[in-house]
Amino acid sequence: MAVLAESGSNPDVELLYDINGLARSAPHWFDRIMEFVGEYGLLLAMVLLVVWCWWSVRRRGQEDAATSVAALVWAPLAAGIAVLVNIPIRGFVSRPRPFVDHQGLDVLVSGKTDFSFVSDHATLTMALGVGLFVANRRFGIAGIGLALLEGFCRVYMGVHYPTDVIGGFALGTAVALLLAPLASALLTPLMKAVERAPRVSWIVRRRAAADVPMVPGARRSVEPMDSEERDLAARLAKVKQQYDPTRFFSYAQGV
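Quick caveat: nothing in here was measured; it's all calculated off a predicted structure. (Residues numbered from 1 in each chain as written. Predicted model: local features only at pLDDT ≥ 70, side-chain atom pairs only at ≥ 80, totals over all residues. Heavy atoms only, no water.)

What to know about the overall build of the chain
Turning to step 1, where the next piece is worked out: Assigned secondary structure in the chain consists of 11 helices and 0 strands.
Turning to step 2, where the next piece is worked out: Counting from the amino terminus, the chain carries its helices and strands in the arrangement α-α-α-α-α-α-α-α-α-α-α.
Turning to step 3, where the next piece is worked out: Partitioning the intrachain contacts of the chain with sequence separation of at least 6 by distance along the chain shows that 77% fall at a separation of at least 24.
Turning to step 4, where the next piece is worked out: For the chain, the accessible surface area stands at approximately 15,300 Å², while carbon and sulfur atoms represent 66% of it. (Helix = DSSP H or I, 4+ residues; strand = E, 2+ residues; numbered from the N terminus. Contact = heavy atoms within 4.5 Å. Areas by Shrake-Rupley, 256 points an atom, 1.4 Å probe, with all protein chains shown as cover.)

Structure (structure tokens):
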């Protein structure tokens, strides 16, 4: 891998110089924005996207809410597992950072002394994006888009080769998809148990409208009655029928 990096005719290196060359011609303030976005901003955006997806699934409160939340919980777990899997891969490949073997790169982030292949940022964001796609396609597409942008930023910043990013995308996708069935089998029963627990059921679905305090003057939405409400309504109807004053009046007239 290092031999390929040293070759100036390598398409990987040529693409590195082409993308990183954009930083050299860009204004200083734009490079500072790309530095923050590529190092921290997109990771924060991915976390917010996961929280937004959870809030949306919880708010709808559908019958399969526990399954959806279980799939959503898998997204950050998949990202963490993918980064752990990457640790021995980076040590085995031992590919230096691009700026170690190549001169003339505009490196926006200093202090990168570890190995380059595979990119942790690309691995983490793509695992989150694919995990989101398993839970919700609309949010997942947005997450995958952010992951692709993260990969571009890492090359733009001069800290990764394009193949480092592609390897990270492949690793994150593989972990998120291949382990998804096992994760679903383990997490879905757990989320269903959480849904049945009164104190923490809000994690899976929001409280029913009957449990939410009513604002004066607001109209309460009509929802189907559960079994206890139906039993109570039947008892009230029976009592009302037994003590109906019209029945007593009719009996008195007959007498």
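So, next bit.
What to know about helix 7 (residues 137-156)
Turning to step 1, where the next piece is worked out: Its 20 residues place the ends of helix 7 28 Å apart at the C-alpha level, agreeing with the 28 Å of an ideal helix rising 1.5 Å per residue.
Turning to step 2, where the next piece is worked out: Of the positions making up helix 7, those classed as buried are F139, G140, G143, A147, E150, G151, C153, R154, V155 and Y156.
Turning to step 3, where the next piece is worked out: Put simply, N136 is the residue that caps the front of helix 7, since its side-chain oxygen is 3.1 Å from the backbone nitrogen of R138.
Turning to step 4, where the next piece is worked out: A positive backbone phi angle near 80° is found at G158, which sits one or two residues after helix 7. (Expected span 1.5 Å × (residues − 1). Buried < 20%, exposed > 50% of the residue type's maximum accessible area, 1.4 Å probe, protein only. Polar contact = N/O pair within 3.5 Å; in protein donor to acceptor, adjacent residues only side chain to side chain.)

So, unusual backbone geometry
Turning to step 1, where the next piece is worked out: Here F117 and V118 are connected by a cis peptide whose omega angle stands at 10°.
Turning to step 2, where the next piece is worked out: Assignment of secondary structure puts V118 in the loop between helix 5 (98-101) and helix 6 (120-135).
Turning to step 3, where the next piece is worked out: We note that S94 has phi near 55°; this positive angle belongs to a residue other than glycine.
Turning to step 4, where the next piece is worked out: By the element assignment, S94 lies in the loop between helix 4 (65-93) and helix 5.
Turning to step 5, where the next piece is worked out: By relative accessible area, which is 30% here, S94 ends up partly exposed.

Observations regarding a nonpolar patch on the surface
Turning to step 1, where the next piece is worked out: The grouping of I81, V85, L178, L179, L182 and L186 at the surface amounts to a nonpolar patch, some 550 Å² of accessible area in total.
Turning to step 2, where the next piece is worked out: Among the secondary structure elements, those contributing two or more residues to the nonpolar patch are helix 4 and helix 9 (180-196).
Turning to step 3, where the next piece is worked out: Given the relative accessible area of 35%, L179 is considered partly exposed. (Patch = residues over 30% accessible without salt bridge, like charges linked within 9 Å, V, L, I, M, F, W, Y side chains within 5 Å. Salt bridge = Lys/Arg side-chain N within 4 Å of Asp/Glu carboxyl O.)

Thoughts on the environment of I87
Turning to step 1, where the next piece is worked out: Inspection of the secondary structure assignment puts I87 in helix 4.
Turning to step 2, where the next piece is worked out: I87 sits in the exposed class, given a relative accessible area of 53%.
Turning to step 3, where the next piece is worked out: Along the backbone, I87 and F117 are 30 residues apart, and their C-alpha atoms lie at a distance of 9.9 Å.

Considering the pattern of salt bridges
Turning to step 1, where the next piece is worked out: Taken as a whole, this structure holds 8 salt bridges when the rule is applied.
Turning to step 2, where the next piece is worked out: Across the pair D120 and R90 runs a salt bridge whose closest N-O atoms are separated by 2.7 Å. Residue D120 is found in helix 6, and its partner R90 is found in helix 4; the two are separated by 30 residues along the sequence.
Turning to step 3, where the next piece is worked out: Accessibility expressed as a relative area gives 27% for D120, which makes it partly exposed.
Turning to step 4, where the next piece is worked out: A relative accessible area of 8% means that R90 is categorised as buried.
Turning to step 5, where the next piece is worked out: For R97, the salt bridge identified is with D114, shortest N-O distance 2.6 Å. In this pair, R97 is assigned in the loop between helix 4 and helix 5 and D114 in the loop between helix 5 and helix 6, connecting sequence segments 17 residues apart.
Turning to step 6, where the next piece is worked out: For D114, a relative accessible area of 35% corresponds to the partly exposed category.
Turning to step 7, where the next piece is worked out: Via salt bridges that share partners, R90, R97, D114 and D120 belong to a single interconnected network.

Notes on the confidence of the model for the chain
Turning to step 1, where the next piece is worked out: Residues with a pLDDT of 70 or more make up 75% of the chain, whose mean pLDDT is 81.
Turning to step 2, where the next piece is worked out: At the low end of the mean pLDDT range in the chain sits helix 1 (residues 2-6), at 42; at the high end sits helix 8 (residues 162-178), at 95.
Turning to step 3, where the next piece is worked out: Counted against residues more than four places away or in other chains, residues 209-218, with its pLDDT under 50, gives 8 contacts. (pLDDT = per-residue confidence, 0-100.)

Section: the side chain of T125
Turning to step 1, where the next piece is worked out: Residue position: T125 is located in helix 6.
Turning to step 2, where the next piece is worked out: T125 sits in the buried class, given a relative accessible area of 0%.
Turning to step 3, where the next piece is worked out: There is a polar contact of 2.7 Å between the side chain of T125 and the backbone oxygen of H121.
Turning to step 4, where the next piece is worked out: For T125, the contacting residues outside a window of four places in its chain are L43, M46, A147 and E150.

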